[in-house]
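Topology and contacts: notes
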Amino acid sequence: MSKVWLITGCSSGIGREIARVALERGDRVVATARNPESLAGLVEGFGERALAVGLDVTDGAQSRHAVDAAVAAFGRLDVVCSCAGYGIIAALEEHSEEQIEKNVTTNFVGPLRLFRAALPVMRAQRSGHLLVISAIAALANHEGFAVYGGAKAGLEGACEALALELRPLGIKVSMVLPGPTRTDFIGRSLEQGASKIADYDGTSGKFARLLAGMNGKQTGDPAKVAALTVALTDEASPPLRVVTGKYAVTRAKLKLKSVNAEVEAWEARGVATDF
Ligand SMILES: NC(=O)c1ccc[n+]([C@@H]2O[C@H](COP(=O)([O-])OP(=O)(O)OC[C@H]3O[C@@H](n4cnc5c(N)ncnc54)[C@H](OP(=O)(O)O)[C@@H]3O)[C@@H](O)[C@H]2O)c1
């Protein structure tokens, strides 16, 4: 049956591709972006199956309005997909207070507010799927991504809890953790710190240069990431996490191995703290 989607961050990149894949397969889509004019080319040709709505995810009222618009237009809501997000590459001390707050609001608080707005509809239906475009940095982070990767990791932790509390209500939760994917992310969606501290040149500074050199050459194809994301909604038991691209899969496996090794190395002393 054709699904009803609400997608954030459809002005470009992965979010736009997800909206396109969903529309092309016959689903109904509320595509959102901070600037709804950027959605004209996306929704064109899909008639009443596509609705363009303005949504800045840092504004909770706009999230509630987008959910209301979806229900008013299509009578239900099957998939809410949080794609909107941006990075900030800097050592923690190089961030301003405002940069930290805005990044965490966009990448962590915003998606939770959106889900909170959508959940009454999904609970009443006893069905739905919350989808998050997370990042490999949420699982295996880099120097310079304390705030961006930290916010994504926070969202990942929240989604683990959501999956448990929503499963009995028929609502599914899945996260996609992309590795470097060829979008605007390293360009216009990657902020620099507010200051530069020479002591961090060899760590976060080095990673920032590596990212800059990678722009336009990222190995991940956003159309394929989108196709896989959309396919998750057809699974009876979708995974909580999917990691995309060889680079990210390799990092995820190394990380899990090292966590396991560390838990085991400290197991005896950790267990010994019990009464
Ligand atoms: N590409 C990668 O390598 C990569 C890797 C891991 C994770 N990701 C994640 O993938 C997601 C999509 O990014 P992308 O790669 O497709 O890059 P992108 O093309 O730059 O897309 C980012 C999108 O987020 C939107 N956005 C940012 N702040 C917003 C806000 N406050 N409210 C609403 N929309 C907002 C942007 O809208 P505007 O046009 O208004 O700026 C844009 O549509 C992000 O969450 C990113 O963290 C990307």
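Conventions adopted
- Residues numbered from 1 in each chain as written.
- Predicted model: local features only at pLDDT ≥ 70, side-chain atom pairs only at ≥ 80, totals over all residues.
- Heavy atoms only, no water.
- Near = heavy atom within 4 Å.
- Polar contact = N/O pair within 3.5 Å; in protein donor to acceptor, adjacent residues only side chain to side chain.
- Areas by Shrake-Rupley, 256 points an atom, 1.4 Å probe, with all protein chains shown as cover.
- Helix = DSSP H or I, 4+ residues; strand = E, 2+ residues; numbered from the N terminus.
- Nonpolar A, V, L, I, M, F, W, Y, C, P; charged D, E, K, R; others polar.
- Expected span 1.5 Å × (residues − 1).
- Buried < 20%, exposed > 50% of the residue type's maximum accessible area, 1.4 Å probe, protein only.
- Contact = heavy atoms within 4.5 Å.
- Salt bridge = Lys/Arg side-chain N within 4 Å of Asp/Glu carboxyl O.
- Bend = angle between axes of the 7 residues up to and from the residue.
- Axes fitted to C-alpha atoms, helices over the stretch in contact; angles between N-to-C directions.
- Left-handed = near helix turned anticlockwise from the far one by under 90°.

Near the ligand there are 28 residues, and of these Ser11, Ile14, Tyr148, Thr183 and Ser189 occur at the shortest range. A distance of 3.2 Å separates an oxygen atom of the ligand from a polar atom in the backbone of Gly9. One of the side-chain nitrogen or oxygen atoms of Ser12 is found 2.7 Å away from an oxygen atom of the ligand. In the complex, 94% of the free accessible area of the ligand, which totals 890 Å², lies under the protein chains. For the shell around the ligand, the secondary-structure elements that each account for two or more residues are helix 1 (13–24) and helix 5 (146–166). Of the residues that constitute the shell around the ligand, the class distribution is 11 nonpolar, 12 polar and five charged.

Take helix 5 next. In this model, helix 5 (21 residues) spans 29 Å end to end at C-alpha, consistent with the 30 Å of a helix rising 1.5 Å per residue. Regarding helix 5, the residues found buried are Val147, Tyr148, Gly149, Ala151, Lys152, Leu155, Glu156, Ala158, Cys159, Leu162, Ala163 and Leu166. The inward-facing, buried residues of helix 5 contact strand 5 (87–89), helix 4 (97–125), strand 6 (128–133), strand 7 (171–178) and strand 9 (241–244).

Think of it this way: side chains of opposite charge can pair up when their charged atoms draw near. One pass over the full model with this rule turns up 10 salt bridges. Overlapping salt bridges bring together Lys3, Arg25, Asp27 and Asp234 as one network.

Between the first and last C-alpha of helix 4 there are 41 Å, a value that for 29 residues agrees with the 42 Å anticipated at 1.5 Å per step. In helix 4, a bend of some 45 degrees at Thr105 exceeds every other bend along the element. Trailing helix 4 by a residue or two, Arg126 shows a phi angle of about 60 degrees, which is positive.

One can describe the packing of helix 3 (residues 60–74) onto helix 4 by two numbers: an axis separation of 8 Å at closest approach and a directional angle of 30 degrees. When you trace helix 3 past helix 4, the crossing you get is right-handed. Counted together, Gly60, Ser63, Arg64, Val67 and Val71 of helix 3 and Arg113, Leu114, Ala117, Ala118 and Val121 of helix 4 form the full contact between these two elements. When grouped by side-chain class, the residues that make up the contact of helix 3 with helix 4 number six nonpolar, two polar and two charged.

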